[in-house]
Amino acid sequence: MSIISFRTLFHRVLLMGVLALAVAGCAVNPVTGEQELMLVSEAQEVQLGNELYPNALWSGEGGGGEFRDPALKSYLSGVVMNIHRVSHRPNLPVDFAVQNTSVPNAWAIPGHVVMTRGLLAALDNEAEFAYVMGHEMGHVSARHSARQMTYSMLGQFLLTGAAVAMAGSEYSDAALTLGSAGAGLILLKFSRNDELEADRLGVQYMTRLGYDPRAALSAHRNLEKVSDQYARSIGQSRQESSFFSELLSSHPRTSIRVEEIQSIINQTPRVAISGDGTQRQRFQTAVANIRRVNAVYVNHYDKAVRSLEKNNAAEALSFVRQAIAQDPSQAPFYALYGNIMVKQNNLPEAERYFSKALSIDGNYQPALRGMGVIRYAGNRYSESVEYLQRSLKLFPQDPASNYFMGMNYYRTRSYRYAIGYLKPFSEAVPKHPGIHAILGQCYEAVGDYQSAYSQYTMQLKVAPNNDAGGLARSRSRAIEMQFAPKK
Ligand SMILES: [Zn+2]
């Protein structure tokens, strides 16, 4: 069992940093060849990447997990492996996945490189894909990612999306934690210099493989175009969208970048271009299916998610029905249907749809969580625990799975286990209106009155006027009485 709360992870990063400083101190940067201060060793980099990865793939409301299409994956992985071989750190392990979200994005952390469905569907050819992957892998090669991962931001950019959605208390809230886009995507913030260096590396790697470097320019234009389209599809301009304003604040504007890339291309020694330099034909054939599926997500599924977020379950249902009619092969469509049913308190129907999602993809985490929630609601605690364990294995930091896991143990009076899940949940969602009173009771039950008292105090800060607040007030008074100095 491994639940790593952010705080723990962050402390471990700090600790690793301190240890590494004591042992190593300086290391040679693989790209620049210069000595620089390195806070984590290569092995630690990969370990951190592996811990971060599943959470990044699922977190927030648009995490989406992996888009499953074995033929597509093997084709794109082949391209990624070619880039990896000509990169500065071919000794690192690397794994490629398509993330199942419409948000156009690509990211890499040590050991993993990812492109979203939304961006993949917008690229024109293999050379553009190779450039974007080369850019991302350039961040890893030049150890930008290692540097960023050691900063406190590691603890900030996950969970926040789901946290907002979990602001209620009972099981219906779990419905809100699935589906939409935006929050939770990895946004390692790189400096402008880092970005330019990654652009340069991307161009360098692609030309080593015989791609026409001008595809770097069209890749940037396509990224800008699809970002605009995406922002409009969620009813925002790119400037208004918090996701894109963050993205833009760390990424120089496309026009400036295109100029700079042009000069990078001019400085890059010419190498023989193979074929037409873009491999457009085989790329177009390979992505034809995901492009079609992506349109169904954008036109129906994403809209259903947004309707559900606005608590318009009827509208959400109509969109998700259209999505299923257009493409009955997508597990997320059925899981979203299930979540709408949970929202409407129709648990038998919810169960039917979660089962359907799992029959398509047995590792579709939100459906496993949904089954866990339904079992919990039906007081079938041990069955709920089984489903939630599977859910947490895929997505260790899922707030909702941690919450219901803890509540199963709370209801069966296994307080020590309950604390193990509810404590990380309360740290991820500190404004939850009832969690601190529940944790207070758990701590009292195991005889830790100091922690109990501090949880009750937090409850009184967060929500003093609900039932949980009332309980916190009377229990904290009782603890004060018990431990007051005797006269
Ligand atoms: Zn970048």
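Note that the coordinates shown come from a computational prediction; the quantities given were computed from them, not determined experimentally.

*Asks:* I'd like to hear about the overall build of the protein chain, residue by residue, with values.
*Replies:* Check the secondary structure of the protein chain and you find 22 helices and 5 strands. Within the protein chain, the proportion of its 487 residues that are buried is 50%. A sequence separation of at least 24 residues applies to 67% of the contacts in the protein chain between residues at least 6 apart.

*Asks:* Which residues make up helix H14 (residues 331-343), and what are the values?
*Replies:* Turn by turn, an α-helix covers 3.6 residues, leaving residues three or four places apart pointing in a common direction. Look at H14: 19 Å from first C-alpha to last across 13 residues, which is about the 18 Å you get at 1.5 Å a residue. Taking burial as the measure, the 13 residues of H14 include 13 buried ones, the bulk of the element. Immediately beyond the C-terminal end of H14, within one or two residues, lies Asn345, with a positive phi of roughly 65 degrees.

*Asks:* Describe helix H9 (residues 215-233), listing the residues and the values that go with them.
*Replies:* Helix length check: H9 (19 residues) gives 26 Å between terminal C-alpha atoms against 27 Å at 1.5 Å per residue, within 8%. Three or more residues of H9 are buried, namely Ala215, Ala216, Ala219, His220, Leu223, Val226, Ser227, Tyr230 and Ala231. Seen end-on, H9 carries its buried residues on one side only, within an arc spanning 140 degrees. Gly235, located one to two residues past H9, shows a positive phi value of around 75 degrees.

*Asks:* Please give an account of the pairing of strand E4 (residues 106-109) that cites residues and values.
*Replies:* Judged from the 4 bridges that link them, E4 and strand E5 (residues 112-116) form a sheet pairing that is antiparallel. Pairing of Ala106 across the sheet is with Met115, part of E5. What sits between E4 and E5 in their antiparallel hairpin is a turn of 2 residues, with Gly111 showing a positive phi close to 100 degrees.

*Asks:* Before we move on, could you go through the confidence of the model for the protein chain and cite the residues and values that matter?
*Replies:* For the protein chain, the mean per-residue pLDDT works out to 83, and 81% of the residues sit at or above 70. In this model residues 1-24 is a low-confidence stretch, pLDDT under 50, and it forms 36 contacts with partners more than four residues away in sequence or in other chains. Every residue in residues 152-186 is under pLDDT 50, and counting partners more than four places away or in other chains gives 110 contacts.

Reading the values: rules and limits
Residues numbered from 1 in each chain as written. Predicted model: local features only at pLDDT ≥ 70, side-chain atom pairs only at ≥ 80, totals over all residues. Helix = DSSP H or I, 4+ residues; strand = E, 2+ residues; numbered from the N terminus. Buried ≥ 20, exposed ≤ 12 C-beta atoms within 10 Å, placed from the backbone. Contact = placed C-beta atoms within 7 Å. Expected span 1.5 Å × (residues − 1). Arc of directions from axis to C-beta. Pairing = 2+ DSSP bridges. pLDDT = per-residue confidence, 0-100.

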